[in-house]
Amino acid sequence: MIDLRSDTVTKPTEKMLEAMFQAKVGDDVYKEDATINLLEERIADMFGMEQALFFPTGTMANQTAIKLHTQPGDQVICDKDAHIYHYEGGGASFNSGVSCKLVHGDKGMFASGQVIEAINPPDFYHSPLTALVEVENTANRGGGSCWDFEELKKIRAICDQNHLGFHLDGARLWNALIAKNESPKQYGQLFDTISVCLSKGLGCPVGSVLVGKKELMKNAMRIRKILGGGMRQVGYLGAAGLYALDNHVERLKEDHQRAKEIEMALNKLDMVKLVTPVETNIVIFELNQKEDEKTFLNHLQENKIVLSGMGNGKLRIVTHLDYTQEMHERFLEVLSKLSAY
Ligand SMILES: *Cc1c(COP(=O)(O)O)cnc(C)c1O
């Protein structure tokens, strides 16, 4: 079976498991887990941020960030395709009592001018108070697209002028850093809080980390506890994160290269209407007709290849650590046979 549904399907490698076995652990609720403390320090340092906190999921890290930046009734500016809006179970309203002002961006990314338009005037008490701007890099529903750093700088300036928080959902920031040759420090300088995921491209079984300024982060432990995310001997998972930072970041290039080759193969097929230009490890595409989709998915199923549907006739492929060169060659061959239809 070739599983291209998501980069979350990876299993820990032998060496990652070994590193996990060796972990020195303690009760992390008492902040006594040496491995988690090390991981948090390391990621805070990478981003040049004051504090980092380990979370079981990216959703909990994002939800905590939203809570840190807002009061009930406030509004968060984000793209109409944002993960916090679509895929966190309505958590922004459930946990923080906030609404989202959706910006209609391009491939999950918007322009600084659109942020200015989306801000409610703070003295107009009829509308919700704008408190936070949230962006996603890479943008998942945008096809793994990468933000232009200059645009992010402009948004930062707008946040400063309007006293707004600026949060980055960086579940796949590692992919953007590799694709654009950027550094975590650049991002640490720009944002108030950043969440990064260890269990997507980096191949860990569990884990996300939220980094931020001390003043904001002092409440993060309390919120994580309230959300049920206080964990005990969690260094076993932290060790996987440390291992992944050493061994699984540079290799993201391979995932990107394979995604690019899949894009090219899809573009050769008559039944394919459109492929969102590939920048990292996500390939989003549309087929011409419903009939084509049936033919396409049946052919893949016969060859034991799975991908995911995104609704509205869109399909998604994500390359990852467990998608090997051998699988890649087989997949490209299976795709090439579709040109006969
Ligand atoms: C996966 C993902 C998250 C976090 O999801 P979890 O499944 O809760 O870890 C957040 N944002 C984006 C863009 C993601 O792709």
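What you see is a predicted model; the values in this text were computed from it and never measured. (Residues numbered from 1 in each chain as written. Predicted model: local features only at pLDDT ≥ 70, side-chain atom pairs only at ≥ 80, totals over all residues. Heavy atoms only, no water.)

## Things to note about the overall build of the protein
In step 1: Along the backbone of the protein there are 15 helices and 13 strands.
In step 2: Taking 2.2 N^0.38 as the reference for a compact globule, 341 residues should give roughly 20 Å; the C-alpha atoms of the protein span a radius of gyration of 21 Å, in line with that estimate.
In step 3: Along the first, second and third principal axes, the C-alpha set of the protein runs to 60 × 55 × 35 Å.
In step 4: The long-range share in the protein, meaning contacts at least 24 apart out of those at least 6 apart in sequence, stands at 75%.
In step 5: As displayed, the protein has an accessible area near 15400 Å², and 51% of this comes from carbon and sulfur atoms.
In step 6: For the protein, the centre of its 38 positive side-chain charges and the centre of its 46 negative side-chain charges are spaced 2 Å apart. (Helix = DSSP H or I, 4+ residues; strand = E, 2+ residues; numbered from the N terminus. Rg over C-alpha atoms; globule rule 2.2 N^0.38 Å. Contact = heavy atoms within 4.5 Å. Areas by Shrake-Rupley, 256 points an atom, 1.4 Å probe, with all protein chains shown as cover. Lys, Arg positive; Asp, Glu negative; His and termini not counted. Charge placed at Lys NZ, Arg CZ, Asp CG, Glu CD.)

## Overview of the site of the ligand
In step 1: Around the ligand, the structure places Thr-57, Gly-58, Thr-59, Asn-62, His-83, Glu-88, Glu-136, Asn-140, Asp-169, Ala-171, Arg-172 and Lys-200.
In step 2: Within the side chain of Thr-59, an N or O atom sits 2.6 Å from an oxygen atom of the ligand.
In step 3: Between the ligand and His-83, the relevant distance is 3.4 Å, taken from a nitrogen atom to a side-chain nitrogen or oxygen of the residue.
In step 4: Considering the ligand on its own, with 380 Å² of exposed area, one finds that the protein chains cover 83% of that surface.
In step 5: The biggest single contributor to the shell around the ligand is helix H3 (residues 58-69), with 3 residues.
In step 6: The residue inventory of the shell around the ligand, partitioned by class, reads 1 nonpolar, 6 polar and 5 charged. (Near = heavy atom within 4 Å. Polar contact = N/O pair within 3.5 Å; in protein donor to acceptor, adjacent residues only side chain to side chain. Nonpolar A, V, L, I, M, F, W, Y, C, P; charged D, E, K, R; others polar.)

## A look at the environment of Phe-331
In step 1: Its location among the elements puts Phe-331 in helix H15 (residues 325-336).
In step 2: Using a relative accessible area of 0% as the deciding quantity, one classes Phe-331 as buried.
In step 3: The sequence separation of Phe-331 and Asn-312 amounts to 19 residues, and the corresponding C-alpha distance is 24 Å.
In step 4: Those residues within four positions of Phe-331 in sequence are excluded, and the remaining contacts are Leu-4, Ile-262, Leu-300, Ile-305, Ile-317 and Tyr-323. (Buried < 20%, exposed > 50% of the residue type's maximum accessible area, 1.4 Å probe, protein only.)

## So, helix H8 (residues 173-180)
In step 1: Burial runs high along H8: 6 of the 8 residues are buried.
In step 2: Of all the positions in H8, only Leu-173, Trp-174, Asn-175, Ala-176, Leu-177 and Ile-178 are classed as buried.
In step 3: Just downstream of H8 lies Asn-181, where phi reads positive at about 55 degrees.

## Comments concerning the domain arrangement of the protein
In step 1: As far as domains go, the protein holds domain 1 (14-247) and domain 2 (251-340).
In step 2: If you average the C-alpha positions of domain 1 and of domain 2, the two centres end up 29 Å apart.
In step 3: Each side of the interface is counted separately: domain 1 has 19 residues, and domain 2 has 13 residues.
In step 4: Interface area lost by domain 1 to domain 2 is led by Gly-143, Asn-175 and Ile-178, which between them contribute 32%.
In step 5: Taken together, domain 1 and domain 2 are joined by 1 salt bridge.
In step 6: The residue Glu-279 makes a salt bridge to Lys-107 at a minimum N-O spacing of 3.9 Å.
In step 7: Of all the elements, H8 adds the most residues to the side of domain 1 that touches domain 2, at 5 residues.
In step 8: Its residues assigned to classes, the side of domain 1 that touches domain 2 shows 6 nonpolar, 10 polar and 3 charged. (Domains from an automatic or database assignment. Buried area = accessible area lost by both parts, 1.4 Å probe. Salt bridge = Lys/Arg side-chain N within 4 Å of Asp/Glu carboxyl O.)

## So, the side chain of Asp-28
In step 1: Relative to the helices and strands, Asp-28 resides in the loop between helix H1 (14-21) and helix H2 (34-47).
In step 2: Apart from residues no more than four positions distant in its own chain, Asp-28 is found in contact with Asp-33, Ile-36, Asn-37, Arg-224, Met-231, Arg-232 and Val-234.

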